[in-house]
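Secondary and tertiary structure notes
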Amino acid sequence: MHVYTCTAEATYQILVSSGVRAKSTSHQDNRVAEKETVTKKSKRNRRPPQKWTPVNGPITADVTYAHGYVDDTPRPILEPSKPEKRVSKGLLASNISLMSCSEFDGDKFKAPYDVILESTAAIVMDVHSHLCKTEVIGLLGGVYNSTRNIVTVVRAEPCSSTSTSLHCDMDPVSQTEAGETIKHCGLQVVGWYHSHPTFVPNPSQQDIDSQRIFQNWFSSGGDNFLGVIVSPYNPLNSSPISQITCFTTYRDDSKAISIPFKFNYRVQTTPNSLELSTLVTRLKKLLLMYRSYEHLVNLLDSYRAGADISALEKLLLSLEDHLITADVGKVDTRLLLEDVKFIISTHLN
């Protein structure tokens, strides 16, 4: 059973039950949460000791983060802390716990299938994630090869949402339209993606709960469903290449929890899949979606304090890495990067 064969009401219900709530239903909850937060006495956030130095690269230990927008460096809270809400820049923010993904060992926990990302899907997700200081979200379209046991993500379809720096609510109408677009391309919905703008691409508890519900829903119809998290501006990442985590969940009945597991995916470009004109048209449409967005990233600014390259230059380096990994030719790589640079300069400035 695919999401695009369901009615708008059915897709709306699965989003609500999974925590990826529709804007129309979350407004009242947000008002209640805001009222409760403002009336309670705020707790002072603990700061890490001065001797703490961030280690470049992904964090392997579970850690709680207090984070905000791109220009607010997230700070790890090294001591145990309970999630607490605070008012920040007029929006609700909170400390969230991120859980490290376990590795498949090929024995007790064997990957249910292998994952391939087409370079076009990786590019759209990466560009989408770079544009906003808030989280973004979308659906993934692809195919499942039962003979080879491989899920190939062919298309990333951005969705409209109402977002903060740490939460993203998918619009149910946009989600239904994205599913229909994927269907018309001859694909099926195989997953979802969202961004962690300024922190590591490890799933939060809400991400894990959402993934588990989606997995159960799709598996009941014999289909697969995976999650992808993109982190473009993680200050603990010394490389300009965005960090991407592709994950699924396993239920640990002994502890009554769901555990996230990370796929070792690969990026590829199949023949005729990288049509530059089509990809550029899609990116133009994406840029137009956010042209007047309040929390749009100024891609001409340095992508973080002390960086000697702009956010746009960082994005181009990240896209180039996807194309090189996928063995795209030098000519096509150069043409695409030039087009991306041009359309971003003309559509967002």
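Structure report, in brief. (Residues numbered from 1 in each chain as written. Predicted model: local features only at pLDDT ≥ 70, side-chain atom pairs only at ≥ 80, totals over all residues. Heavy atoms only, no water.)

**Regarding the overall build of the protein chain**
Operational definition: Helix and strand assignments follow DSSP, with helices taken as H or I runs no shorter than four residues and strands as E runs no shorter than two, numbered in order from the N terminus. For each residue, the accessible area found with a 1.4 Å probe, counting protein chains only, is set against the maximum for its type, and the residue is called buried under 20%, exposed over 50%, and partly exposed in between. Contacts: residue pairs with any heavy atoms within 4.5 Å of one another. Reported accessibility uses the Shrake-Rupley method at a 1.4 Å probe radius. Residues are deemed covered only where the shown protein chains occlude them.
Across its full length, the protein chain carries eight helices and 15 strands. The buried share among the 349 residues of the protein chain stands at 52%. Intrachain contacts of the protein chain at a sequence separation of at least 6 include 74% that bridge at least 24 residues. Here the protein chain has roughly 17100 Å² of accessible surface; of this, 50% comes from carbon and sulfur atoms.

**Section: unusual backbone geometry**
Even without a glycine there, the phi angle at asparagine 149 is positive, about 55 degrees. Its place among the elements puts asparagine 149 in the loop between strand E7 (137-145) and strand E8 (150-159). Positive phi, normally seen in glycine, also occurs at aspartate 327, with a value near 60 degrees. By secondary structure assignment, the location of aspartate 327 is in the loop between helix H7 (311-325) and helix H8 (330-347).

**Comments concerning the side chain of histidine 196**
To keep things clear, this is the line we draw: Polar contact criterion, stated in full: a pair of N or O atoms within 3.5 Å, where within protein one must be able to donate a hydrogen and the other to accept it, and residues adjacent in sequence count only if both atoms are side-chain atoms.
Mapped onto the fold, histidine 196 is located in the loop between strand E11 (188-195) and helix H5 (205-219). By relative accessible area, which is 1% here, histidine 196 ends up buried. There is a polar contact of 3.0 Å between the side chain of histidine 196 and the backbone oxygen of valine 200. If we ignore the near neighbours within four places in the chain, the residues touching histidine 196 are Leu98, Glu135, Pro201, Asn202, Pro203, Asp207, Ile229, Val230, Ser231 and Pro232.

**Description of the sheet that holds strand E12 (residues 226-231)**
Applied cut-off: Only strands that DSSP links by at least two bridges are regarded as paired with each other. The axes are straight lines fitted to the C-alpha atoms, using for helices just the contacting stretch, and the angles between their N-to-C directions are given from 0 to 180°.
The nine strands lie next to each other as E5-E14-E13-E12-E11-E7-E8-E6-E15, forming an open sheet whose pairing is mixed. The open sheet has two edge strands with one neighbour each: strand E5 (102-103) and strand E15 (266-268). Across five bridges, E12 lies against strand E13 (residues 243-252) in antiparallel orientation. By the bridge assignment for E13, serine 231 is matched with glutamine 243. Across the sheet, helix H4 (residues 172-184) is in contact with E7, E8 and E11; its angle to E8 comes to roughly 135 degrees.

**So, the environment of serine 97**
Locating serine 97 in the fold gives a position in strand E4 (residues 91-98). Sequence separation between serine 97 and proline 203 is 106 residues, and the spatial gap between their C-alpha atoms is 8.5 Å.

**A closer look at H8**
So the rule is basically this: In this scheme, a helix's expected span is set at 1.5 Å multiplied by one less than its residue total. Arc definition: it is the arc formed by the directions from the helix axis to the C-beta atoms.
When the terminal C-alpha atoms of H8 are compared, their 26 Å separation across 18 residues agrees well with the 26 Å that a helix rising 1.5 Å per residue should span. Within the sequence span of H8, burial applies to Thr333, Leu336, Leu337, Val340, Ile343, Ile344 and His347. Take H8 and look down its axis: the buried residues cluster within an arc of 135 degrees, on one side only. Relative to its buried face, H8 has exposed residues pointing more than 90 degrees away, namely Lys330, Val331 and Phe342.

**A closer look at the state of the cysteines**
Rules: Here, two cysteine sulfur atoms that lie within 2.5 Å of each other are counted as a disulfide.
Counted under the stated rule, the structure contains zero disulfides. There is no disulfide at cysteine 101, and the cysteine sulfur nearest it, in cysteine 246, is 9.5 Å away. Cysteine 101 gets classed as buried once you look at its relative accessible area, which sits at 14%.

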